[in-house]
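# Fold and contact review
Each chain, letter by letter, is given below.
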Amino acid sequence: MSFSGDIKDEIAHQLPDDYHCLLAETAAMIHYAGTVGGTAEDGYILLETENVVLAKKYLRLIKKAFDIGVDLYIQRLPSGKNHKYRILLSSETEAESAAGAGAGGEDYTEDALSEIGVGDKFSRVFLETADWERPGFAECLLEYPCCRRAFIRGAFLTTGSMSNPGKSYHLEIVCRKMQGAEELCQVMETFGVSPKIIRRKNKYVVYLKDSGAIADILNVMNAPNALMKLENIRIIKDMKNSANRQYNCDSANISKVVRTAARQAEDIRYIKEHLGFDRLTPALREMAEVRLEHPEESLQGLGTYLDPPVGKSGVNHRLKKLGEIAAALRQEE
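Let me sum up the structure you'll find in this document.

Calculation notes
- Residues numbered from 1 in each chain as written.
- Predicted model: local features only at pLDDT ≥ 70, side-chain atom pairs only at ≥ 80, totals over all residues.
- Heavy atoms only, no water.
- Helix = DSSP H or I, 4+ residues; strand = E, 2+ residues; numbered from the N terminus.
- Buried < 20%, exposed > 50% of the residue type's maximum accessible area, 1.4 Å probe, protein only.
- Contact = heavy atoms within 4.5 Å.
- Areas by Shrake-Rupley, 256 points an atom, 1.4 Å probe, with all protein chains shown as cover.
- Pairing = 2+ DSSP bridges.
- Axes fitted to C-alpha atoms, helices over the stretch in contact; angles between N-to-C directions.
- Phe/Tyr/Trp six-rings, centres within 6.5 Å; stacked < 30°, edge-to-face > 60°.
- Lys NZ or Arg CZ within 6 Å of the ring centre and 35° of its normal.
- Left-handed = near helix turned anticlockwise from the far one by under 90°.
- Nonpolar A, V, L, I, M, F, W, Y, C, P; charged D, E, K, R; others polar.
- Expected span 1.5 Å × (residues − 1).
- Polar contact = N/O pair within 3.5 Å; in protein donor to acceptor, adjacent residues only side chain to side chain.

### Here's the deal with the overall build of the protein chain
Per the secondary structure count, the protein chain includes 14 helices and eight strands. Residue burial in the protein chain is summarised as follows: out of 333 residues, 43% are buried. Taking as baseline every contact in the protein chain between residues at least 6 positions apart, the subset at least 24 positions apart corresponds to 64%. When the accessible surface of the protein chain is totalled, it reaches about 17,800 Å², and 50% of it is carbon and sulfur.

In structure tokens, the structure reads:
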């Protein structure tokens, strides 16, 4: 299973205990993936998905939140490997359930659905206006942090995905309209996360690319197993990156030492050829001979070959002096 599948499987098995959180999560699923249609007297809410986990979660939410029945249709896709699940909540379904529940059943159902902006026969809010992206549930359902967590969870479960963190950090939730994307960003920002929005064809994608922000959202959605996997991958990648940086730094230092030693040896050979070691002071002559004998030795190592031994700064001073002599000779040439 993909990393996205692991996250969805984990959060799909969670069912909020509080009624208002049930409404928030259900509202998000309908808001971002549902279809509302029909007439004010004969309306319906339809959710279609190939994800059986999403279908089961939606059914459980509807049952627990509203205590009404729904029609479930299962269609085998042409590939023969997957199924499409069509979950229909209609006026007819509601009426049948209300009749079995008693006189108060229908009023309860309509009141409950109204709280998520799809009440009053599924409802005139959608059916008599073109602004389906603004159902008006944000103010009443997203007041508490627990409800906002449920809302984000429902949105990710319907249209969200995440790349394999071993390859890249990218979490996204696809929205049908810009207003829905902006609303989702506002909800996520209440948890200290700042997502961005990008348009992809006729959709609007709310996305995160920072591993820390993604970890925060997984925590917000209450996906501890996925969060632990992400953190383990982050630790391993950080260790590898640190090791690579150290290796690159060591390689750069070694290359610098080798280049410096080669330049010093070249200067000394030039002095030997054009001036001769006999015209150098004893200290510089000894230094020149030791450098030619040990071309790959570090400055500190070279000092141990001198008599008496000299520290790193002393060796550096003598080699610098030899370099100045070589430069002067080249200038005369």
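From this point, things continue past the structure.
### What to know about the sheet that holds strand β7 (residues 196–200)
One key point about sheets: their strands pair by backbone hydrogen bonds, in either a parallel or an antiparallel sense. Within the open sheet, the four strands sit side by side as β5-β6-β8-β7. Their pairing is antiparallel. This sheet does not close on itself; its edge strands, each paired only once, are β5 (160–162) and β7. Neighbour-to-neighbour, the strand axes of the sheet open up by a mean angle of 25°, direction not taken into account.

### Description of the packing of aromatic side chains
The geometry of an aromatic ring pair comes down to the distance between the two centres and the angle between the two planes. All told, the structure shown has one aromatic pair when counted by the stated rule. Ring centres of Y32 and F151 lie 5.8 Å apart, and the angle between their planes is 70°; this geometry places the pair in the edge-to-face category. One end of the pair, Y32, is in helix α2 (residues 19–33); the other, F151, is in helix α8 (residues 145–159), with 119 residues separating them in the sequence. Here R148 stacks its cationic end above the ring of F191, 5.9 Å away from the centre of that ring. Its end group placed over the ring of Y169, K237 keeps NZ or CZ at 4.2 Å from the ring centre.

### Side note on the packing of α2 against α8
Orientation of α2 relative to α8, taken along the N-to-C sense of each, is 30°, at an axis distance of 7 Å. For the element pair α2 and α8, the recorded crossing hand is right-handed. Facing H20, C21, A24, E25, A28, M29, H31, Y32 and A33 of α2, the residues of α8 in contact are C146, C147, A150, F151, R153, G154, A155, L157, T158 and T159. Within the contact of α2 with α8, the residues separate by chemical class into 12 nonpolar, five polar and two charged.

### Focus: helix α3 (residues 52–66)
Compared with the 21 Å implied by 1.5 Å per residue over 15 residues, the 21 Å span of α3 between its first and last C-alpha is a close match. Capping the start of α3 is the job of one residue whose side-chain oxygen sits 2.9 Å from the backbone nitrogen of V53: N51. Two residues or fewer after α3 comes D67, characterised by a positive phi angle close to 55°.

Geometric descriptors of this kind do not, in isolation, establish any biological role.
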